[in-house]
Amino acid sequence: AVVSTQSTGNGDLESFQLSNENMQWLEQMKQSLAMTLEDNKKLQKSLMSKIQSLWVRMELPEEDQKAFLEQHTGFSDPLIVKLKEEVKRLEELKLQNLERFIKLTREEIEKYWDLMFYSDEDKQLFTPYYSENIGEGLLSEHEKKLECLIQEYNNYENLYQTIKTRNAMWQRYEEMECKEGDPNRFDNRGGKLLKEEKERKKIARDLPKCEECIVREISTWEQDTGRIFTVYGHKFSDYLNHQKEELQLRKDQMKENKQKAKEEAMQNE
């Protein structure tokens, strides 16, 4: 069988023989195009992430960002070229504002340090953060560090978010434990005491489960990275024990202060 097609080059008619060889060529072409599409999707995502990061640091108006995104959709080769051109344009503007960009990149690094529970000692290991030798090299070091932090946070976001949730539960638990000796605690307007007791029981039930989940995720993190996971410079188990010891010390001190106040009151009678 012969299929006649219109040539896009000069308008001449060309015949395409449906032979096994040509059909095999078509299949290979189909696979090649599919691979190109997948490559373009990955490249588009990477380029857009870089563009949006640069937009944030350059404080580009949201309406300009929206207009660009609306005009540049899809995964075609021409689109990829346009995105690369935008990256190049933004990179050139970035070099014109080195000091400002280093400052903004440091702020982003600080944000991720906090999200990932870095201690001051951990932060000090990245010495370029404290350098005043402004230049392209210094900015490049900061951008590489930020890229690593973002990648690690995205890979293990659930772990960091679960620790954040656990810390919020623990903080609330501490508040309720330290209120035990407060005489105003028995002001039961609106069933406040009953609500607190229900909340205490819920936290007492959920907190150990949350911590067990974190321990499992830390094990995966350590296997993947080959490093020891720490929270503010402490192994997670040590971090938990330290918090519990601190709470007990506070409760003991409050009990002691209450006893002293009681004895002083008796002496003054």
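We now turn to the structure provided with this report. Only a predicted model underlies this, so the values are computations on that prediction, with no experimental measurement involved. (Residues numbered from 1 in each chain as written. Predicted model: local features only at pLDDT ≥ 70, side-chain atom pairs only at ≥ 80, totals over all residues. Heavy atoms only, no water.)

Describing the overall build of the protein
Helix and strand counts for the protein stand at 9 helices and 4 strands. Moving toward the C terminus, one meets the helices and strands of the protein in the order β-β-α-α-α-α-α-α-α-α-β-β-α. The buried share among the 269 residues of the protein stands at 29%. For the protein, long-range pairs separated by at least 24 residues make up 64% of all intrachain contacts whose partners lie at least 6 apart in sequence. Element-wise, carbon and sulfur atoms account for 50% of the exposed surface of the protein, whose accessible area totals about 18700 Å². (Helix = DSSP H or I, 4+ residues; strand = E, 2+ residues; numbered from the N terminus. Buried < 20%, exposed > 50% of the residue type's maximum accessible area, 1.4 Å probe, protein only. Contact = heavy atoms within 4.5 Å. Areas by Shrake-Rupley, 256 points an atom, 1.4 Å probe, with all protein chains shown as cover.)

Looking at the side chain of E174
With respect to the secondary-structure elements, E174 resides in helix α7 (residues 157–178). The contact partners of E174, leaving out residues within four places of it in the chain, are L247 and R250.

Side note on helix α3 (residues 77–95)
With 19 residues, α3 extends 27 Å from end C-alpha to end C-alpha; this agrees with the ideal 27 Å at 1.5 Å per step. Listing the buried residues of α3 in full gives L79, I80, L83, E86, V87, L90 and K94. The buried residues of α3 occupy an angular sector of 120° when the element is viewed end-on, so they sit on one face. Along α3, the residues that are exposed and aim more than 90 degrees away from the buried face are P78 and K88. Close packing links the buried residues of α3 with α1 (20–58), α2 (62–71), α4 (98–115) and α6 (136–155). (Expected span 1.5 Å × (residues − 1). Arc of directions from axis to C-beta.)

Considering helix α8 (residues 192–225)
Here α8 spans 47 Å end to end across 34 residues, near enough to the 50 Å set by a 1.5 Å rise per residue. The set of residues buried in α8 consists of E196, R200, I203, D206, L207, C210, E211, I214, E217, I218 and W221. Just past α8, the residue G226 takes up positive phi, approximately 75°.

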